[in-house]
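# A structural walkthrough
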Amino acid sequence: MSAAPVLNFITGNANKLSEVRTILEPAGITVRNQPLDLPEVQGTLEDVTRDKCRAAAAAVQGPVLVEDTCLCFDALNGLPGPYIKWFMQSIGHAGLNNLLAAYDDKSAEAVATFGFSQGPGHDVLLFQGRTKGKIVPPRGPTTFGWDPIFEYDGQTYAEMDKSAKNKISHRFKALEKLRAWIEAGGMKA
Ligand SMILES: O=c1[nH]c(=O)c2ncn([C@@H]3O[C@H](COP(=O)(O)OP(=O)(O)OP(=O)(O)O)[C@@H](O)[C@H]3O)c2[nH]1
Ligand SMILES: [Mg+2]
């Protein structure tokens, strides 16, 4: 019998870690964590995750999982995208809504891109999930980033039960792909 898969998820974000554990542990996948704050380059969603994954593998000298989250406004051709963390920190929910004040189109996409590497010098494999929604004035608890302003099917992410978010979220969809790859024996290849 083969050993149960173990992932070392390098993130400093406790909310991400909690969602990833909740989604993967029922599938028998153990998620460890090292909360390193890695430098993040500018570029496409995929560039940012690949670079973050290489930096994580170099830092821990072993197999790693990382994730980068983007929030892409359709009216702004995908911005703030990978820069959402800095936008969120500097202008908050009100500022993010104001960015779209000049446009009728409030649609947005949440994107999670996980990167897995067996270690330094190995390729980075990407697993991406996308959920479409729209940007609204904040509703619901302010526990996690921009959850209160991202509305999906009439409810903001923040208004949903965690279990409901974890069935439709960008992160869940990306982790479904990662899980399928692990179950097909990808980590051993
Ligand atoms: O409301 C939210 N619902 C989510 O589902 C979600 N996922 C991520 N985020 C936030 O979006 C930025 C991404 O930046 P990010 O991917 O670099 O994350 P991070 O720097 O916090 O952690 P990490 O890079 O150590 O993994 C950060 O501000 C995160 O807090 C979310 N906010
Ligand atoms: Mg980060």
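Named according to an unreviewed UniProt entry, the protein chain is Inosine triphosphate pyrophosphatase originating from Daldinia eschscholtzii. Taken directly from UniProt, the Subunit (unreviewed entry) text for the protein chain runs: "Homodimer." Per its UniProt entry, the protein chain bears the Sequence similarities (unreviewed entry) comment "Belongs to the HAM1 NTPase family."

### Side note on the confidence of the model for the protein chain
Detailed reading of the predicted coordinates is not advisable wherever pLDDT falls low. Here the protein chain averages 96 in pLDDT, and 98% of its residues register 70 or above. Reported confidence for the predicted complex is 0.97 by ipTM and 0.96 by pTM.

### Considering the site of ligand 1
The environment of ligand 1 is formed by 17 residues, the closest being T11, T69, K85, G145 and D147. Of all elements in the fold, only β3 (64-73) and α3 (84-99) reach the threshold of two or more residues within the shell around ligand 1. Counted by class, the shell around ligand 1 contains 5 nonpolar, 5 polar and 7 charged residues.

### Some remarks on helix α2 (residues 45-60)
Look at α2: 23 Å from first C-alpha to last across 16 residues, which is about the 22 Å you get at 1.5 Å a residue. Among the residues of α2, L45, V48, T49, R50, D51, K52, C53, R54, A56 and A57 are the ones counted as buried. Among the structural elements, β1 (6-10), β3, β4 (80-81), β5 (107-117) and β6 (125-135) are those in contact with the buried residues of α2. Remark: Q61 follows α2 within two positions and exhibits a positive phi of approximately 55 degrees.

### Examining the nonpolar core
Counting 39 residues, the largest nonpolar core has V64, L65, L71, F114 and F150 as the members making the most contacts within it. Broken down by element, the residue count for this core peaks at 7 residues, all from β3. Other than its neighbours up to four places away in sequence, L65 contacts L7, N8, F9, I10, F114 and F116.

### Some points on the packing of helix α1 (residues 14-24) against helix α5 (residues 170-183)
The contact between α1 and α5 brings their axes to 10 Å, and the two run at 50 degrees. With respect to each other, α1 and α5 are oriented oblique. In the crossing of α1 with α5, the sense of the turn from one axis to the other is right-handed. Contact with α1, carried on its side by E19, V20, I23 and L24, involves R171, F172, L175 and R179 of α5 and no other residues of that element. When grouped by side-chain class, the residues that make up the contact of α1 with α5 number 5 nonpolar, no polar and 3 charged.

The rules we used
Residues numbered from 1 in each chain as written. Chains lettered and ligands numbered in written order. Predicted model: local features only at pLDDT ≥ 70, side-chain atom pairs only at ≥ 80, totals over all residues. UniProt positions renumbered as here; feature names shortened; annotations may be inferred. pLDDT = per-residue confidence, 0-100. Near = placed C-beta within 6 Å. Helix = DSSP H or I, 4+ residues; strand = E, 2+ residues; numbered from the N terminus. Nonpolar A, V, L, I, M, F, W, Y, C, P; charged D, E, K, R; others polar. Expected span 1.5 Å × (residues − 1). Buried ≥ 20, exposed ≤ 12 C-beta atoms within 10 Å, placed from the backbone. Contact = placed C-beta atoms within 7 Å. Core = buried A, V, L, I, M, F, W, Y, C linked by C-beta atoms within 7 Å. Axes fitted to C-alpha atoms, helices over the stretch in contact; angles between N-to-C directions. Parallel < 35°, antiparallel > 145°, perpendicular 65-115°, else oblique. Left-handed = near helix turned anticlockwise from the far one by under 90°.

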